[in-house]
Amino acid sequence: MTQTITIDPVTRLEGHGKITIMLDSQGQVEDAHFHVTQVRGFEKFSEGRPFYEMPSLMARICGICPVSHLLASAKACEAIMAVRIPHTAAQLRRMLNMAQMVQSHALSFFHLSSPDLLLGMESDPRTRNIFGVAAARPDLGLAGIGLRRFGQHIIELLGSKRIHTGWVVPGGVTEPLSAAHRDEILSMLPEAFANVKLALTAYKQIADSFKQEIEVFANFPSNYLGLINEDESIEFTDGALRLIDPTGTIIEDGMTAHRFTEVIGEAVENYSYTKFVYYKPLGYPQGSYRVGPLPRLNIVKSMGTPQADAELAFFKQMSAGPIESSFHYHHARLVEALYGVENIERILADPLILDKHVRATAGVNRLEGAGQIEAPRGTLNHHYKVDENGKITWANLVVATGHNNKAMNLGVLQSAKAYVKDGKFTPGALNRVEAVIRAFDPCLSCSTHAFGQMPLVMTLVNADGEVVDQLIR
Amino acid sequence: MSKLKVATVWLDGCSGCHMSFLDMDERLLKLAELIDIVYSPIVDAKVFPDEVDIALVEGAVASVDDEAKIKKVRAHSKMLIAMGDCAVAGNVPSMRNPIGPEKILDRAYIENASAQQQIPCVVVPKLLKIVRPIHEFVTVDVFLPGCPPSADTFYTALTALVTGAPLDISALTRFGA
Ligand code: SF4
């Protein structure tokens, strides 16, 4: 008799997924899969469209990180135009990217994961959400909403719309920053600093009570990929990629967007619409790696801003080499959010930030181009080919959730083995299995995007494939 | 007055409409005094409740799962709101219609893959041939266009629907807004 436990949908995720846990005849966990259940086809239906349409079309892949797709797409277009964007445009885009990182990290930490962290993995599912957090800890509930608002409002001040702004275009941005908007952003900084520090303090107070989760939340050696500057500080918008091995040794460095497309491959597993990304020279699955906040902090030597550097030093005390448990993505996310607020302050101090020259123009000068950036949840690469008239003939996108796909699946298996024993489980235990996925903060909208709906069921199937028992939550 | 039960549902959309819903920021807590969010990607319910007062649905209908889902939502909801242009008119997801699912799947999992090329088929749902807006499957009570509808639109429309105040959607938002 074999049993399968299905968690469907995995809730409090940016998208939907399913988890299945397969038990052997003794009721022990044999295997586990994380399924992404939808596919949308942007790579195909963009064919035939003019390349300059791509940023605003591609932004519709994801409403949580539309800015990531806007920027990666615009950079791919600029590679096709062979154009360098004006300094002020580059700075404004960096600020836009920081604002999005802060709002997305606030969403992941407060709205999606803090119910587990603050109310408890075993707490009542009916209140295990942001409203429950706001009732139990009003200060933190409001800090989360406030920090997300901070990022979203900056995006609105720059691009006149919070979600799917048309402000980023190939060559730069459409409008310069006004003095009034700069001053408004400056006036928002003190509250944002206070909110992110409150989160860091609260997290550090509770982190120790999750020792068991830290042990089994995708806690294993792996390779790590992320953008880095020449001075080895963290980077989200420019720089080049570095890939390190489990000991922290560099496998490949200075990887440009174009090089990425040569060495990064995508494998398919029959149970997921999200592909499994890997480093080709090492093959699949050995060439799998992790991306996002934890890998970024594992890779860099500094953040480049004083307060975040102090937090990075504290974070890195955890281990001499790369930090392995994906539970620490939460902590890394907050360090990055602090960096984001500091970096926005720094960018606003640029004497040229109000300069009116924010857009370069050019036609098609190359028939192929790629652009890469760090999305909140990890590296994003857009790669396009066009004809002489600038019509898209081919496109490929590699998104963060694809890079982390292998690690998420292994992490689900690791935690299922710890929390499902002898065919028995509790809802709190299964919530922990889901929480592994939440720690990665996968953007399923980006990764093709999921949807499926069934109750949480544990099904017992006999050897003839007949369902003999079923437990429904 | 007992609180109204509200669900938010995610079909084939980009989640931007849900994010715009969250963009109500602190007003979310005010709204929570009038409504209970009983089912949504942001809460932990796994099963669509038997009786919901208002269901807001994002996204078009693109897979067999979406189709089963929208029918279930309709059967258990007093009022169904098509939230955003994808739900209202198909929008971006329907751009794959002239191409068809086979070529979409081929491109992603055969041509653009470098290992284990195959079309996923275990647990993942089958794609429908044509992506369509939700009113082609079920009756829709309120259309809330926009890509996405703004947070102000959500707040004004929801408070009006909950309190019974008059509501003029066309004054709030439009297709493509
Ligand atoms: S209407 Fe726009 S914002 Fe809403 S799901 Fe569709 S593409 Fe996203």
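Calculation criteria
- Residues numbered from 1 in each chain as written.
- Chains lettered and ligands numbered in written order.
- Predicted model: local features only at pLDDT ≥ 70, side-chain atom pairs only at ≥ 80, totals over all residues.
- Heavy atoms only, no water.
- Near = heavy atom within 4 Å.
- 1 Å grid on protein atoms, 1.4 Å probe; cavity = no way out; pocket = protein on both sides within 12 Å on 5 of 7 lines; lining within 4 Å.
- Sits in = over half its atoms within 2 Å of the grid points.
- Helix = DSSP H or I, 4+ residues; strand = E, 2+ residues; numbered from the N terminus.
- Nonpolar A, V, L, I, M, F, W, Y, C, P; charged D, E, K, R; others polar.
- Buried < 20%, exposed > 50% of the residue type's maximum accessible area, 1.4 Å probe, protein only.
- Pairing = 2+ DSSP bridges.
- Expected span 1.5 Å × (residues − 1).
- Salt bridge = Lys/Arg side-chain N within 4 Å of Asp/Glu carboxyl O.

Around the ligand sit 14 residues in total, of which Cys 14, Cys 17, Asp 85, Cys 86 and Cys 147 of chain B are the nearest. Near the ligand, the surrounding residues belong to chains A and B. Spatially, the ligand is embedded in the second largest cavity. Elements with a minimum of two residues in the shell around the ligand: α1 (16-22) and α4 (85-89) of chain B. Here the shell around the ligand is built from residues that sort into five nonpolar, six polar and three charged.

Attention shifts here to the pairing of strand β3 (residues 52-58) of chain B. Each regular strand shows side chains that alternate between the opposite faces of the sheet. Residues and elements named next belong to chain B. The buried fraction of β3 amounts to seven of the seven residues, a majority that puts the element mostly inside the structure. Sheet analysis places strand β1 (residues 4-10) next to β3, joined by five bridges and oriented parallel. Bridged to Val 6 within β3 is Ile 54. Of the pairings in the sheet, the one linking β3 to strand β5 (residues 77-83) comprises six bridges and is parallel in character. When the sheet's bridge partners are listed, Leu 56 is paired in β5 with Ile 81.

In this section: helix α6 (residues 138-159) of chain A. Taking 1.5 Å per residue, 22 residues should reach 32 Å; α6 of chain A reaches 31 Å between its end C-alpha atoms and fits that length. Among the 22 residues in α6 of chain A, 16 count as buried, and that is most of the element.

Let us look at the pattern of salt bridges. Pairing is possible between side chains of opposite charge, provided their charged atoms come close. Going through the model one piece at a time under the given rule, you end up with 36 salt bridges over all chains. The residue Glu 266 of chain A makes a salt bridge to Lys 275 of chain A at a minimum N-O spacing of 3.7 Å. No difference in accessibility class separates Glu 266 of chain A from Lys 275 of chain A, as the two residues are buried. Note that Lys 129 of chain B and Glu 102 of chain B form a salt bridge whose closest N and O atoms lie 3.4 Å from each other. Residue Lys 129 of chain B is located in strand β6 (residues 127-132), and its partner Glu 102 of chain B is located in helix α5 (residues 101-111); the two are separated by 27 residues in the primary sequence. Overall, the relative accessible area of 56% leaves Lys 129 of chain B in the exposed class.

Geometric values such as these leave the question of function open.
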